Amino acid sequence: MKYVLVTGGVVSGLGKGVTASSIGLLLKACGLRVTSIKIDPYLNTDAGTMSPFEHGEVFVLDDGGEVDLDLGNYERFLDITLTRDNNLTTGKIFQSVLDKERRGDYLGKTVQVVPHVTDAIQEWIERVAMIPVDGKEGPADVCVIELGGTIGDIESMPFTEALARFSYRIGADNFCLVHVSLVPVLNVVGEQKTKPTQHSVRGLRGLGLTPNILACRSTKALEDNVKAKLSQFCHVPAENIFTLYDVPNIWHVPLLLRDQKAHEAILKGLNLLRVAREPDLTEWTARTKVCDMLHDPVKIAMVGKYTGLSDSYLSVLKALLHASVACCKKLVVEWVAAGDLEDAMAAEAPDVYKAAWKRLEDADGILVPGGFGDRGVQGKILAAKYARENKVPFFGICLGMQIAVIEYARSVLGLQDANSTEFDPETSNPCVKFMPEGSQTHMGGTMRLGSRRTFFKVTNCKSAKLYGNANFVDERHRHRYEVNPDMIAELEAAGLSFVGRDESGQRMEIVELQTHPYFVGVQFHPEFKSRPGKPSALFLGLIAAACGQLDALLQKGGQSSKVLTNGVSKGKPMLNAQQNGKIVKASNGSLNGVYSNGNGVHGNGNGVHSNGNGVHSNGNGVHSNGNGVYGNGVHSNGNGVYGNGNGVHHH
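This structure is a prediction, so every number in the text was calculated from the model and none was measured. (Residues numbered from 1 in each chain as written. Predicted model: local features only at pLDDT ≥ 70, side-chain atom pairs only at ≥ 80, totals over all residues. Heavy atoms only, no water.)

Novice: Looking at this structure, how should I read the environment of arginine 76?
Specialist: Topologically, arginine 76 is positioned in helix H3 (residues 70-78). Distance in space between the C-alpha atoms of arginine 76 and lysine 534 is 9.6 Å, their sequence separation being 458 residues. Those residues within four positions of arginine 76 in sequence are excluded, and the remaining contacts are Phe59, Leu69, Leu314, Ser315, Lys318, His322, Ser530, Arg531 and Pro532. (Helix = DSSP H or I, 4+ residues; strand = E, 2+ residues; numbered from the N terminus. Contact = heavy atoms within 4.5 Å.)

Novice: Any chance you could explain the packing of helix H1 (residues 16-29) against H3 here in plain terms?
Specialist: The geometry of a pair of packed helices is captured by two quantities: the angle between their axes and the separation between those axes. Closest axis-to-axis distance for the H1/H3 pair is 9 Å, and the angle between their directions is 25 degrees. The angle between the axes of H1 and H3 places the two elements in the roughly parallel class. When the axes of H1 and H3 are compared, the crossing they make is right-handed. For the pair H1 and H3, contact is made by Gly17, Val18, Ala20, Ser21, Ser22, Gly24, Leu25 and Lys28 and by Asp70, Asn73, Tyr74, Phe77 and Leu78, respectively. (Axes fitted to C-alpha atoms, helices over the stretch in contact; angles between N-to-C directions. Parallel < 35°, antiparallel > 145°, perpendicular 65-115°, else oblique. Left-handed = near helix turned anticlockwise from the far one by under 90°.)

Novice: Honestly, the sheet that holds strand S1 (residues 2-8) in this entry has me stumped. Any pointers?
Specialist: Read across the open sheet, the 7 strands follow the order S5-S2-S6-S1-S7-S8-S9; overall the sheet is parallel. At either margin of the open sheet sits one strand with a lone partner, and together these are strand S5 (87-89) and strand S9 (241-244). Averaged over all adjacent pairs, the angle separating strand axes in this sheet is 20 degrees, with direction ignored. As judged from the 5 bridges shared by strand S7 (residues 175-182) and strand S8 (residues 213-217), these two strands associate in the parallel manner. Looking across to S8, one finds that valine 180 is bridged to alanine 215. Here H3 sits on the sheet in contact with strand S2 (34-40), S5 and strand S6 (142-147), set at roughly 170 degrees to S2. Lying on the sheet, helix H7 (residues 195-206) is in contact with S1, S7 and S8; it crosses S7 at an angle near 145 degrees. (Pairing = 2+ DSSP bridges.)

Here is the structure:
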């Protein structure tokens, strides 16, 4: 087994996850089998109990693991299926060491960070690296390890010590360290500064780790004299120093590394040059070009409560992007804070209320993602009602499905107090109730988690057709509440169809309104299995319905593989892509527009993720079209981390 370790220096948020995923994709394109491990130095056992505001979305795996969102990047880029053990945390390591101590496995020795914790880390890495994740038998050829945080953090010290010992033990030919660092450009001077990277590498060496490759984040390609200086002071060959400069969207990053021959440096370091082939990224390149050329917009209103941080809904955004590219449309997400749609906001801030409703009404489709807690619930119910009554394509995920059922019970059945016991434990008409197997006392790992099978009770429905007329589907779940089976007969008699159910037939999984162009709710989270080139069926349905392509898609059997996906034919982009029975002419343009439009959150006005001033904005701020991650398009067009200008996450 060969190992590639990706570390980060100077500041956090440089894009280690995307870099690690891109390295994995590049090695896979060279004909190697690749697996990934993410190390998170926090004390939590897993990401399941952390707020999305604090740490971004919780990504759910097939085996029910609640993990860091970077594992979602690995799965999407590499098209693999990881396990909960592929996310290693300080909490998991300490728990395993303490369990051993209680069992007496250490034979009375004093249990210490070195060697017991560091040995446990090395054993974990070696064990997990051997687990096949690509559907084939036997272990992978290369394991890409990402060490979260920044070199020098106190909490990551046991991991850096363990990895230093690990690299020495397995030998130089089996270990390659890629250090992602920042080379800022000061506006005053206008030159690329190497000192932060020098200090970062010095700190790395002081911890016993020697970088083989430097991946330098900057706003433009490194100048030759800057490379020479870094090589001299960091003791890394100039040909092993690469620039990760600003690109239109993150799909360009693997291509950026390939063009700079990063794969050759890694393969040489791992003594794999003779076994690997030249990287074949034909399809990936074609899809990236098509994505850049899209200009015909499709507007999707995202009605949620975590709209202040796009990473809270990262997989949903990626699934929308995959589907919109498959339909040859440029995705524009209209962020709508659910609370802004409520009557209370009309009295408190009428302008905000009107702006929120205008964004909702101007959208081509409406999506209500999952969530927890009662904040913004009434606003989500109003959004579902608007979509149902005005025949606007609607997709509800997890809580979004439950909201749609509650709204239908209130508006059509006339049960005004219909509710979920999550929000009103005393409601006389509980449409949604707590699942009997759940725990009321423990939060972590007690939900219905992981891949579960859904059987189609009705085969002549949009969902079944979108899944290629399948009899069943396997999708990932994460919920504590379910639609009350005692109310199903009454709801179905009123016109709501529960077309997908679990194996018992008692747990509702998919709901549709057959008289509506596209009104679908699902209890599972299809976004977690969406891939570039393999969009999730129901997200594809939403985008197709929003841009008038649904009927053609359903006639073709629904599955995206049956249409000319992503405008790619035999690996080449088509400027006139025959897409779902409709000629869609792609034209030049960039992907600026994902995460845009709307006052305030992620909008074209002022505020979070907006085209004005503020966090994640098109003005001055974090992750923006002024300052942002990876440039024009997804996460921005401006200054900062992967942006088109200066600075790190800010002006």
